[in-house]
Amino acid sequence: MKYTVPIGPIHPALKEPIAINCTVSGEEITDVDVVASQNHRGIEWIGMNRNNPVQTIYIAERVCGICNFCHPACLIMAVEEIADIDVPERAQYIRVIQSELERIHSHLLWAGVAAHELGFDSLLHYTWMVREKVMDTLEIVNGNRVTKAIMMYGGVRRDIKDEHVPKIREMIKYYQDLFDKVAKLFLEDKTIKMRTRNIGILTKEDALKLQAVGPTVRASGVKKDVRQDTPYFAYPDFDVKAITPDMLTGKVVGDTYDRIVVRLLEVKQSVEIIEQALDEMPPGEIISEQKIPKLLAKIKRAEGEAIGRHEAPRGEDIHYVKLKSGFESLYTWKVRAPTYSNIMAWRPMLMHHQIADIPIVAASIDPCLSCTNRAVVTENNEEKWLTAEDLHNLSVKKTKEMMK
Amino acid sequence: MISKSFKKSLWIFHVNSGSCNGCDIEIVAALTPRYDVERFGIKLVGSPRHADVMALTGPITSDMEDKVKRVYEQMPDPKVVLVVGSCGISGGVFHESYHLAGPVNKVLPDATCVYVPGCPPRPEAIIDGVVKAWKFLESAGGGE
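What you are looking at is a predicted structure, and each value in this text was computed from that prediction instead of being measured. (Residues numbered from 1 in each chain as written. Chains lettered and ligands numbered in written order. Predicted model: local features only at pLDDT ≥ 70, side-chain atom pairs only at ≥ 80, totals over all residues. Heavy atoms only, no water.)

### A word on the overall build of chain A
A tally of helices and strands in chain A yields 18 helices and eight strands. A compact globule built from 404 residues should have a C-alpha radius of gyration of about 22 Å, and chain A, at 21 Å, falls within 12% of that. C-alpha atoms of chain A, sized along the principal axes, occupy 65 × 60 × 35 Å. Relative to its full complement of 404 residues, chain A shows a buried share of 56%. Considering only contacts within chain A whose residues lie at least 6 apart along the sequence, 70% involve residues at least 24 apart. Counting 53 positive and 57 negative side-chain charges, chain A places the averaged centre of each group 1 Å from the other. (Helix = DSSP H or I, 4+ residues; strand = E, 2+ residues; numbered from the N terminus. Rg over C-alpha atoms; globule rule 2.2 N^0.38 Å. Buried < 20%, exposed > 50% of the residue type's maximum accessible area, 1.4 Å probe, protein only. Contact = heavy atoms within 4.5 Å. Lys, Arg positive; Asp, Glu negative; His and termini not counted. Charge placed at Lys NZ, Arg CZ, Asp CG, Glu CD.)

Okay, structure coming up:
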């Protein structure tokens with residue numbers, strides 16, 4: 001006898017609205033269907049119609065409150081490339097530090113949520129207590145705990161001052177001292193191991209076929225990281241290597257446990273990057289153009305298209321931007337958030353597991369649905385069906401055009 | 001902050017109606033050890049039928065309109081809607097978007113709302129909102 005178990009859009013295990021319809025036979029999951037659209041807020045439309053490009057930075061921040069640095073970062077990289085805006089060296093270092101601070105807070109947040117999904121609430125509380133340290137650092141540097149409003153075309157809006165540096169170093173020390181303890185809690189606990197080892201396996205082949213990104217794909221053994229493959233900001237100065245679980249455990253399984261390993265190692269890596277950035281940060285300007293009207297006029301004159309790519313905590317984030325001369329807003333703005341690529345991995349991960357495993361497996365890709373629900377496609381009010389082959393050909397054509 | 005003991009612990013049901021997650025993580029931050037509202041007996045529950053307060057984040061997208069209404073109707077009286085974040089109050093940065101059914105007073109015109117402005121509000125502000133909701137519920141006889 002087969003039943004359909006609907007999970008969501010409002011469900012205690014989900015922090016965000018999405019509907020997962022699982023067909024079950026007994027306790028075993030035999031089919032998975034995902035319905036997304038509940039979080040669509042029309043952000044791209046606002047960016048292309050209501051806002052000017054500077055206002056759009058702040059709406060890009062609200063694409064996702066957790067990774068509120070990566071979306072403005074991608075947008076700004078794309079616009080800077082089109083409008084040929086220079087960025088001072090110091091600003092690039094500050095961007096790297098901000099990006100890594102965000103990764104620490106996001107991964108710790110995820111670790112807490114994962115513990116909660118396993119029913120291990122004391123670990124949730126412990127992880128979130130530890131996370132408050134990086135939130136404090138963010139508040140000292142940015143003036144706000146969550147939304148940072150730090151990015152601007154041609155640089156950053158706030159400097160990391162001398163009095164901030166000891167506070168950030170204190171945070172680095174705190175996390176370096178704590179790493180072994182947190183790793184022991186998550187990786188050596190018998191219950192966590194039983195609930196996550198060999199659960200929700202994503203094989204390397206499936207990961208490549210479904211084009212998963214970020215920690216999800218790295219946990220399956222694919223060495224893919226934008227910071228390593230095509231460095232941007234000040235990342236060429238850092239030796240960033242894509243992290244795979246075999247660095248700690250010696251083998252790649254591609255299960256939920258491996259995804260915990262990858263994220264914990266990435267927190268360690270981020271701390272090291274921040275430490276190096278503080279040591280090597282050059283003095284100087286933090287923004288190339290102080291006057292906003294002048295900047296807006298420059299962007300209004302610019303014409304062309306570009307892609308901004310950034311390794312967000314959840315994976316590779318891509319923004320496509322097209323500017324047209326004389327057009328006040330962005331002419332085209334397309335956001336491809338990492339969860340959009342990762343969500344397809346739910347199906348192979350969940351198949352033939354038990355109902356009780358749904359929350360932790362679903363959480364293991366670190367889904368960020370406010371990032372994902374974005375696109376609405378209409379063409380002359382007509383419905384047009386494109387096959388997968390058409391879409392593939394279109395994307396190959398477009399990529400070739402962009403690479404010229 | 002609290003002059004007398006609680007007559008009743010407040011139980012909260014969290015509804016995300018298309019939020020950007022900023023407020024949601026601050027709600028969880030308010031529950032975890034730094035701010036720790038659980039020491040007052042305030043906790044998140046898994047069903048609206050157990051809840052006194054609905055913590056609503058997000059501007060209410062068109063898809064979520066009927067779901068928010070249904071959750072509200074399932075909650076027992078007396079009840080309060082704790083609107084966390086600017087977008088539930090006015091639409092916030094998302095105002096004028098084509099896919100919004102909100103703000104909250106349009107979707108739930110009869111509900112008693114406690115508004116916590118901010119984008120996102122700090123955990124202290126959320127706790128203050130919860131205390132205001134608690135005061136309302138006490139005066140409405142929720143503790144009898």
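### What to know about unusual backbone geometry
Of note, the bond from D77 of chain B into P78 of chain B is cis; its omega dihedral lies within 30 degrees of zero at -10°. Of note, the amide linkage connecting C119 of chain B to P120 of chain B takes the cis form, showing an omega dihedral of -10°. Its location among the elements puts P120 of chain B in the loop between β5 (113–116) and α5 (123–139). For D84 of chain A, which is not glycine, the phi dihedral falls at a positive 55°. The residue D84 of chain A is located in the loop between α3 (70–83) and α4 (89–117) in this model. In this structure, Q211 of chain A takes a positive phi of about 55° despite not being glycine. Considering the arrangement of structural elements, one finds Q211 of chain A in the loop between α8 (204–209) and α9 (214–218). According to the relative accessible area criterion, Q211 of chain A is exposed, its value standing at 56%.

### Side note on the interface of chain A and chain B
In this complex, chain A contributes 38 residues to the contact, which on the side of chain B involves 38 residues. For the pair chain A and chain B, the two sides together bury roughly 3200 Å², of which 62% comes from carbon and sulfur. Taken as a group, I10, R41 and R62 of chain A account for 19% of the area that chain A buries against chain B, more than any other trio of residues on that side. Linking chain A with chain B are five salt bridges, by the criterion used here. Note that E26 of chain B and R145 of chain A form a salt bridge whose closest N and O atoms lie 2.9 Å from each other. For the side of chain A that touches chain B, the secondary structure elements donating two or more residues are α1 (43–49), α4 and α5 (121–142) of chain A. Counting residues per element, the side of chain A that touches chain B draws most heavily on α5 of chain A, which supplies seven residues. The class makeup of the residues in the side of chain A that touches chain B is 17 nonpolar, eleven polar and ten charged. (Buried area = accessible area lost by both parts, 1.4 Å probe. Salt bridge = Lys/Arg side-chain N within 4 Å of Asp/Glu carboxyl O. Nonpolar A, V, L, I, M, F, W, Y, C, P; charged D, E, K, R; others polar.)

### Here's the deal with the pattern of salt bridges
If you walk through the whole model with that rule in mind, you get 32 salt bridges over all chains. We note a salt bridge from D31 of chain A to R347 of chain A, for which the minimum N-O separation is 2.4 Å. With D31 of chain A in strand β3 (residues 28–35) and R347 of chain A in helix α15 (residues 346–350), this pair connects stretches of sequence that are 316 residues apart. With a shortest N-O distance of 2.9 Å, D128 of chain B and K132 of chain B are connected by a salt bridge. Note that D128 of chain B and K132 of chain B are positioned in helix α5 at a spacing of four residues, about one turn of the helix. When its relative accessible area of 40% is taken as the criterion, D128 of chain B is described as partly exposed. For K132 of chain B, a relative accessible area of 46% gives the class partly exposed. One continuous salt-bridge network, built from bridges that share partners, spans E100, R103, R218, D225, R227, E266 and E311 of chain A.

### Here's the deal with the side chain of T61 of chain B
Residue placement: T61 of chain B occurs in the loop between β3 (53–57) and α2 (65–74). Apart from residues lying up to four places away in sequence, T61 of chain B is in contact with Q38, N39, H40 and R41 of chain A together with S17, G18, H99, L100 and A101 of chain B.

### Re the packing of helix α6 (residues 164–187) of chain A against helix α12 (residues 256–280) of chain A
Residue and element names in this part refer to chain A. Axis separation between α6 and α12 bottoms out at 10 Å; the angle between their running directions is 160°. Our classification of the angle between α6 and α12 gives roughly antiparallel. α12 is crossed by α6, and the crossing has left-handed handedness. Note on element contacts: α12 touches α6 through Y257, I260, V261, L264, L265, K268, V271, I274, E275, L278 and D279, opposite V165, I168, R169, M171, I172, Y175, Q176, F179, V182, A183, F186 and L187. (Axes fitted to C-alpha atoms, helices over the stretch in contact; angles between N-to-C directions. Parallel < 35°, antiparallel > 145°, perpendicular 65-115°, else oblique. Left-handed = near helix turned anticlockwise from the far one by under 90°.)

### Thoughts on the confidence of the model for chain A
Mean pLDDT for chain A: 86, with 93% of residues reaching 70 or above. Low confidence marks residues 374–378 of chain A, where pLDDT is under 50. Its contacts with residues over four positions away, or in another chain, come to ten contacts. (pLDDT = per-residue confidence, 0-100.)

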